[in-house]
Amino acid sequence: MSDYKPGEMDIRDHEKTFEGFVRWSTRIAIFSIGVLIFLAIFNS
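Residues numbered from 1 in each chain as written. Predicted model: local features only at pLDDT ≥ 70, side-chain atom pairs only at ≥ 80, totals over all residues. Heavy atoms only, no water.

(A) Inspection of the overall build of the protein chain at higher detail. Of the regular secondary structure elements, the protein chain holds one helix and zero strands. When the backbone C-alpha atoms are referred to their principal axes, the protein chain occupies close to 70 × 15 × 10 Å. Looking at the protein chain residue by residue over its 44 residues, the buried ones come to 2%. Put simply, the protein chain shows about 4700 Å² of open surface, and 66% of that area lies on carbon and sulfur atoms. Here the protein chain contributes 5 positively and 6 negatively charged side chains, and the mean placements of these two sets differ by 8 Å. (Helix = DSSP H or I, 4+ residues; strand = E, 2+ residues; numbered from the N terminus. Buried < 20%, exposed > 50% of the residue type's maximum accessible area, 1.4 Å probe, protein only. Areas by Shrake-Rupley, 256 points an atom, 1.4 Å probe, with all protein chains shown as cover. Lys, Arg positive; Asp, Glu negative; His and termini not counted. Charge placed at Lys NZ, Arg CZ, Asp CG, Glu CD.)

(B) The pattern of salt bridges, seen in detail. Applying the stated criterion across every chain yields a total of two salt bridges. The partner of Arg12 in a salt bridge is Asp10, with the nearest N and O atoms 3.1 Å apart. (Salt bridge = Lys/Arg side-chain N within 4 Å of Asp/Glu carboxyl O.)

Have a look at this one:
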């Protein structure tokens, strides 16, 4: 069958990709909130 053994897979690339996804998602969320606050203040 297969030579797969649980716990031996190298997941460093997966972790780096996920870290980048979380980082960019956070930045986009903060930027969006900033834009909404700006519009609420100066659009009155």
